[in-house]
Amino acid sequence: MRLLLIGSGAREHAIAIAIENSPGNHTLLVAPGNAGTAVHNVVLDTSDHRAVAGFCAEADIDMVIVGPEVPLVAGLADDLRAAGVACFGPDRAAARLEGSKSFARDFAVRHNIAGPRTATFTDADRALEWIRDFGQPVVVKADGLAAGKGVIIPSSHHETEQ
């Protein structure tokens, strides 16, 4: 089986190792990859979905595995499937759960999935008013893709306001 793994992070490195160690005859290509996947790396602009689909046709790829959130939220899996390429990864609509913290919390509330008390704001004054009523501790999350860096756990009300 010819596999194309999209991504360059530790997650993709771990997936590459798992594929290498799995039984069967696999050819693995990784785009863009990292130093740990160097023997498999190919030069490919993964943000250009047509180029990825074209590469898959040219390289006779049987399946694409998309690791990172950014290409999933951008609809890479949708575009590959539309081009007839088998793809492991959620479609754009499902990836929105990872791409938007407020969407994910709203989804959880709509479907009675337990979680913390939450509110979404676009106005800082309204957010601070809500936090004053809420008290400490709070968790502040930026909406959107934040590459694992979108969470702040302030230790005081002053730090929360900052």
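It should be noted that the structure appears before, not after, this text.
Remember, it's a predicted structure, so these values are computed and weren't measured experimentally.

Asks: Got a minute to help me understand the pairing of strand S3 (residues 63-66) in this structure?
Replies: With 4 bridges connecting them, strand S1 (residues 2-7) and S3 associate as parallel partners. Bridge pairing in S3 links Leu-3 to Met-63. Of the strand pairs in this sheet, S3 and strand S4 (residues 87-88) are connected by 2 bridges, and their pairing is parallel. Residue Val-64 lies in a different strand from S4, and its bridge partner there is Cys-87.

Asks: Quick question: what am I supposed to make of the packing of aromatic side chains here?
Replies: What describes a pair of aromatic rings is the distance from one ring centre to the other and the angle between the planes of the rings. For the structure on display, the rule yields 2 aromatic pairs. Arranged with centres 5.9 Å apart and planes meeting at 55°, the rings of Phe-121 and Trp-130 form a pair that is tilted. Here Trp-130 falls in the partly exposed class, since its relative accessible area comes to 24%.

Asks: Would you explain a nonpolar patch on the surface in this entry?
Replies: Taken together, Val-139, Val-151 and Ile-153 make up a surface patch of nonpolar side chains, about 280 Å² in accessible area. Mapped onto the secondary structure, Val-139 falls in the loop between helix H7 (124-134) and strand S5 (140-141).

Criteria and cut-off values
Numbering of residues starts from 1 in each chain and follows the order in which that chain's sequence is written. The predicted origin of the model limits local features to residues at a pLDDT of at least 70 and limits the giving and counting of side-chain atom pairs to 80 or more, whereas totals for whole chains, interfaces and linings rest on all residues. Side-chain numbers come from the whole structure's heavy atoms, not from hydrogens or water. When DSSP finds two or more bridges between two strands, those strands count as paired. Per the convention used, a helix needs a DSSP run of H or I reaching at least four residues, while a strand needs a run of E reaching at least two, with both numbered from the N terminus. Think of it this way: a Phe, Tyr or Trp ring, Trp meaning its six-membered ring, pairs with another when their centres are within 6.5 Å, and the plane angle makes it stacked under 30 degrees, edge-to-face over 60, tilted otherwise. Note on exposure labels: buried denotes an accessible area under 20% of the residue type's maximum, exposed denotes more than 50%, and partly exposed covers the range between, all computed with a 1.4 Å probe on protein chains only. Nonpolar side chains (Val, Leu, Ile, Met, Phe, Trp, Tyr) within 5 Å and like charges within 9 Å form the patches, drawn only from residues with over 30% relative accessible area and no salt bridge. Here, Shrake-Rupley sampling with a 1.4 Å probe gives the accessible areas, and only protein chains in the shown set may cover a residue. Salt bridge, as used here: a side-chain nitrogen of Lys or Arg that lies within 4 Å of a carboxyl oxygen of Asp or Glu.

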